Amino acid sequence: MISIIPTSSLHRLVLFISIAVFLISAGWGLGEPWLIGNNGDEAYAGAQYHAISRHMLTHGPIRLHLAQLRMYHDIPENDLFAEGKFDGVWLRKRYGDQFWVSRLPFGALLHVASMAIIGDTEAAIRFVPYCATLLLIIIIYLLLRGRFGESPAVWSASIFALTPSTILNARLAGYELPCLLLVVAALLLYDRYREGLCGFSIVWFTCLAAGLMGWFGLYLVPIMIIESLRLCRSVDMHWRERLLLLLIPIVVVGLYALYLHSLGQPLGERLDYFWNARSVGAVQAIESEDGFSFWHFLHRTQKYFTNHVTVLPLLLAFGWVVQMLRHRSPELSLLLTFAVFGLLCYTVSMRAAYEHRYYVLWWSPFIACAGGFFVSRLCSSGQKGLE
Amino acid sequence: MKRIHIITFLILGCLIGSTIYKTARHHQKAEAGRPVMELMRKGNEVSKPDEGVVVSNSGLDSDWWEYENHAARFYLWRVFRDQGYDSSPEYIVVLTSDSVPVHQNDRVIFSNDAGYLLRFEVDQE
């Protein structure tokens, strides 16, 4: 009975089922506060972003920014829990004077927009990553289909949609998923532009937005530099386009530096903070404290991956890597950029990756797409290859 | 049945199966904490508003104690604000895992698979 389903319908069925399972699994209990959590963060982050957005809607982002920096420094302790003042005080206590250094305002603006449309609930905050993930699944499918064909596009999108890490993070209040959406779109668009499948302006604006969406966008900068240089060499384009392309990473870093300067923290200090509090330096600090070794890091990482990505997608991705060792395929350069992005997120923020399970998310696009290409080849083995 | 159909349904079935299992386990874990959550929601009913309130969080580890302490205060403020109170309570009860350092004045008042319910004094700073 099943065998009468034609291949094109089979692909559509796989995609439809995957998206349906994702929508139900990630959407189940989305509006129920404080019950489901990943690392315990969801309960915390949901409430936090809810209050920030509520405050922004009431007073505007500039006011909250000023409140954080200056206005509530001398507030009497008795007023700590008073309406409208707590946000600034609490944020200051948690983040010092640097709340917007830790949390860039762009993600918060998405939450504000969602609350303005849906209403004053935490569900509105969780709705942002939920929608961003759905959009990311669709973008992976559409952009890969135009470049590599139906089968790898369907399988990549389906594996991404059905990875437990995707589902758990799609309901975690924060700006990680909108950031990942833009990063993946930017990397896919670089690849499509090289093949002459999309216009220059969409690549430029998506890359800029991806770079500025959150701190993880900064990890895209080294990849942007390499991709821009590769495009300048391989694609025939006007010198103005070459210049604009090379300007993207400079504009991103420049805007970050200006932004940090406006908050009174030079870029150098921020990089120092990253090294000492989040990066390899921080891991070395734990190491010297209580017998922590790099093996602890690897052991916990392996646990996070097997629990949150699960064994099957990992095996499929591994299958693709083995295939690539035997002979190279056109998707190699695209998937390498995904892998480099995951590697940068994981190593530059090593301490955070050690503490947070959700960091496996940054590897998800690579694992899903590598698995997708492998399954696609598995299905078509016996016939000619994908190309 | 064609090879493509067998592979498709095998892989899709395994992916869906493991995803549903993982998500269900996640919900199950959270459900284990439901009695405490219910307690939390009734916090204002079971405790005098000007003395203390039950709030919750889960999955803490020692490095996040200070961080979650603030989160607890944050919840507390929300509950109080929603109830129309603006006074500062004397203690907070927080649901936590077993790995947090228990302060001298903290007291475990409830525990189950989901974690421990600790009562700790509000830091007035």
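Please refer to the structure placed before this passage.
Residues numbered from 1 in each chain as written. Chains lettered and ligands numbered in written order. Predicted model: local features only at pLDDT ≥ 70, side-chain atom pairs only at ≥ 80, totals over all residues. Heavy atoms only, no water.

**Student:** Sorry if this is basic, but what is going on with the overall build of chain B here?
**Tutor:** Helices and strands together make up the secondary structure of chain B, namely 4 helices and 4 strands. Secondary structure elements of chain B, listed N to C terminal, follow the sequence α-α-α-β-α-β-β-β. Relative to its full complement of 125 residues, chain B shows a buried share of 48%. Counting only carbon and sulfur atoms, one obtains 50% of the accessible surface of chain B, whose full area is about 6,300 Å². (Helix = DSSP H or I, 4+ residues; strand = E, 2+ residues; numbered from the N terminus. Buried < 20%, exposed > 50% of the residue type's maximum accessible area, 1.4 Å probe, protein only. Areas by Shrake-Rupley, 256 points an atom, 1.4 Å probe, with all protein chains shown as cover.)

**Student:** Would you take a moment to explain the packing of aromatic side chains for this structure?
**Tutor:** What characterises a pair of aromatic rings is the spacing of the ring centres plus the angle enclosed by the ring planes. Residue and element names in this part refer to chain A. Summed over all chains, the structure comprises 13 aromatic pairs over all chains. Seen in terms of ring centroids, W363 and F366 are 5.9 Å apart; in terms of plane orientation they differ by 75°. Their pairing is edge-to-face. Exposure remark for W363: the relative accessible area of 16% places this residue in the buried category. Members of the aromatic cluster, each reached through a chain of ring pairs, are F216, Y219, F305, F341, Y346, Y359 and W362. (Phe/Tyr/Trp six-rings, centres within 6.5 Å; stacked < 30°, edge-to-face > 60°.)

**Student:** What am I meant to see in helix 11 (residues 200–213) of chain A here?
**Tutor:** Each α-helix winds once per 3.6 residues, and so residues spaced three or four apart point in a common direction. Over its 14 residues, helix 11 of chain A extends 20 Å from the first C-alpha to the last, a length consistent with the 20 Å expected when each residue adds 1.5 Å. Every buried residue belonging to helix 11 of chain A is among F200, V203, W204, T206, C207, L208, A210, G211, L212 and M213 of chain A, and all of these are buried. (Expected span 1.5 Å × (residues − 1).)

**Student:** Sorry, what's going on with the packing of helix 10 (residues 176–194) of chain A against helix 19 (residues 332–348) of chain A here?
**Tutor:** Describing two packed helices takes the angle between their axes plus the distance from one axis to the other. All names here are of chain A. Their axes nearest at 10 Å, the elements helix 10 and helix 19 cross at an angle of 150°. In terms of orientation, helix 10 and helix 19 fall into the roughly antiparallel class. Crossing angle aside, the handedness with which helix 10 passes helix 19 is right-handed. Across from L180, V183, V184, L187, L188, D191 and R194 in helix 10, the residues of helix 19 making contact are S333, L334, T337, F338 and F341. Of the residues belonging to the contact of helix 10 with helix 19, the class tally is 8 nonpolar, 2 polar and 2 charged. (Axes fitted to C-alpha atoms, helices over the stretch in contact; angles between N-to-C directions. Parallel < 35°, antiparallel > 145°, perpendicular 65-115°, else oblique. Left-handed = near helix turned anticlockwise from the far one by under 90°. Contact = heavy atoms within 4.5 Å. Nonpolar A, V, L, I, M, F, W, Y, C, P; charged D, E, K, R; others polar.)

**Student:** Explanation requested: a nonpolar patch on the surface in the structure shown.
**Tutor:** A surface patch of nonpolar side chains, about 490 Å² in accessible area, is lined by W239, L243, L244, L247 and I250 of chain A. Note that L244 of chain A resides in helix 14 (residues 239–262). (Patch = residues over 30% accessible without salt bridge, like charges linked within 9 Å, V, L, I, M, F, W, Y side chains within 5 Å. Salt bridge = Lys/Arg side-chain N within 4 Å of Asp/Glu carboxyl O.)

**Student:** Teacher, can you tell me more about unusual backbone geometry here?
**Tutor:** Leaving glycine out, the prevailing phi sign among residues is negative, and the prevailing peptide bond configuration is trans. Phi angles above zero are rare outside glycine, and T310 of chain A is one such case at about 75°. Residue T310 of chain A is classed as buried on the basis of its relative accessible area, which comes to 6%.

It is worth stressing that arrangement in space is one thing and function is another; only the former is reported here.
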